[in-house]
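# Structural characterization, general
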Amino acid sequence: MAKRSSCKGKAKMLSLGRKNPGHWSQHMNLNMGILSQSIFHLLWAALVVCQYEDYDFEDEYEEPDHQTPYYLNPNTQAEVPPFPFPAECARECFCPPAFPLSMYCDHRRLKAIPNIPSHAQQLYLQNNDIEAVPAAPFTNVTFVREIDLSYNKIKFHMIDQGVFAKLSSLVQLHLQHNELEEFPVPLPSSLERLLLGFNKISRIPGDALQGLPNITMLDLCSNLLDDSVLKDRPFSNMKNLMQLNLCNNKLQTMPPDLPSSLVHLSLENNSISYIPENYFHRLPRIIALRMSHNNLQNIPRNTFNLPNLLELNLGHNKLKQVFYIPRSLQHLYIEGNEIENINVTLMCPTLDPLNIHQLTYIRVDQNKLTSPISSYAFFCFPLIRTIYYGEQNVTVNKPTRLRTPVFRRFLTPEEYQEAEDNHETHNQDTEEDQEAEDNYFHPYFH
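Residues numbered from 1 in each chain as written. Predicted model: local features only at pLDDT ≥ 70, side-chain atom pairs only at ≥ 80, totals over all residues. Heavy atoms only, no water.

## Observations regarding the pairing of strand β14 (residues 391–395)
So the rule is basically this: Two strands make a pair as long as DSSP finds a minimum of two bridges between them. Runs of E in the DSSP output that reach at least two residues are strands. Runs of H or I that reach at least four are helices, and both are numbered from the N terminus.
Pairing of β14 with strand β15 (residues 398–401) involves three bridges; the strand directions are antiparallel. Across the sheet, the residue bridging to E391 is R401, located in β15. Connecting β14 to the next strand, β15, in antiparallel fashion are two residues, including N397 with a positive phi near 60°.

This is the structure we're talking about:
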């Protein structure tokens, strides 16, 4: 009966359409109007949601191609202002109509922070001439999650006490490339990513990091930190810390009591002379370790026996011999040392066909090698693709090249074509090529 009734209804509607075409057209126009209005609301909602996923200001704002990974803590939930969002925007800034939660005030030679709308979630104030962070512009701010104040002239004593601490939704704070002399305390417990590189910070108060349980990334590169800062073990209780950047400071010893959650550790351009035995046993999750441009001379045999280590950079130290290589390691950088011979047996004491080494790339240029690595290396490291010998410092002030400056293993035709496409000029190194090699391992993990 239901099907018959339905068919009758359809037949009646068709009959009305034949008898009264105007009524049929009016009925269809009404339905189309309702449908169009629904589609409009759906598209608007999609635009607001998608601004966090695929909106790209790269062309207009010249953002870098590589973005630092965003380690979002699942325990924190974003608080969103009620819809519809107000159309407020500081007159000095740009607020894209399609993305009403973001305010762009960067590259505008601003000397002061403008008043921030209460609904703003992203605030971009980088590359200005701002010297102070007063509380007044943040009076009505409730939902802000990201603030970028990098590349300004902010000093510690010009930051109003507690101005950041009251921002309970703040997840990411950029203060790199300023003139901070001290660690900016207090900060909100919601914070996950804190970037303080390229300042003048020389000390970290004992309780500065205690109230930041959600921090996953801390960047303190290019400051004035020395070993005295580490005496209080400031990082020991940061249970969610995954990336720690301490490059370009004045450290002479390894930082003590780092949390076991650590995945990326950057210590290059310090004055560290040794690594305590078993130092990394409490850091089993380390994937990438950068310690280039230090004063390392000897490495205890099993120092890097780490199950997840993929990249290891010990370039430009004072190493005289190689060390044990974990099976997980893929890229090894030991250029710029004093190594005269690559002892493969030290790197690979045993062979295991069922658990082969993953090493694919070694850079050994600017050492004191007089001959290539033993062919035994290709049994130990069957996946090796490239050994970069470059120039060797065999004689004083006279760099020499081995017969084969770059070794590449035999490739299939497809691999060979891919290698040629990517490295057409690899065997004809110019100064730009060498600089590119040096910058391959950038001080920041992106």
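## Topic: the state of the cysteines
Selection rule: In this description, a disulfide is simply a cysteine sulfur pair whose atoms lie within 2.5 Å. Partly exposed residues are those whose accessible area sits between 20% and 50% of the maximum for their type, while under 20% is buried and over 50% is exposed, using a 1.4 Å probe and protein chains only.
This model, assessed by the stated rule, comprises four disulfides. One disulfide in the model links C89 with C95; its S-S distance is 2.1 Å. On the sign convention where negative means left-handed, the S-S torsion of about 80° between C89 and C95 marks this disulfide as right-handed. Using a relative accessible area of 33% as the deciding quantity, one classes C89 as partly exposed. The exposure class of C95 is buried, given its relative accessible area of 18%. Between C221 and C247 runs a disulfide, and the two sulfur atoms are separated by 1.8 Å. In this structure, the disulfide formed by C221 and C247 twists by about 120° around the S-S bond and is classed as right-handed. Placement of C221 in the loop between β6 (217–219) and β7 (243–245) and of C247 in the loop between β7 and β8 (264–266) is noted, with a sequence separation of 26 residues between them. For the residue pair C221 and C247, the accessibility class agrees, reading buried in each case. By sequence order of its bonded cysteines, the chain has the disulfide arrangement 1-3, 2-4, 5-6, 7-8.

Nothing here speaks to function; it is geometry throughout.
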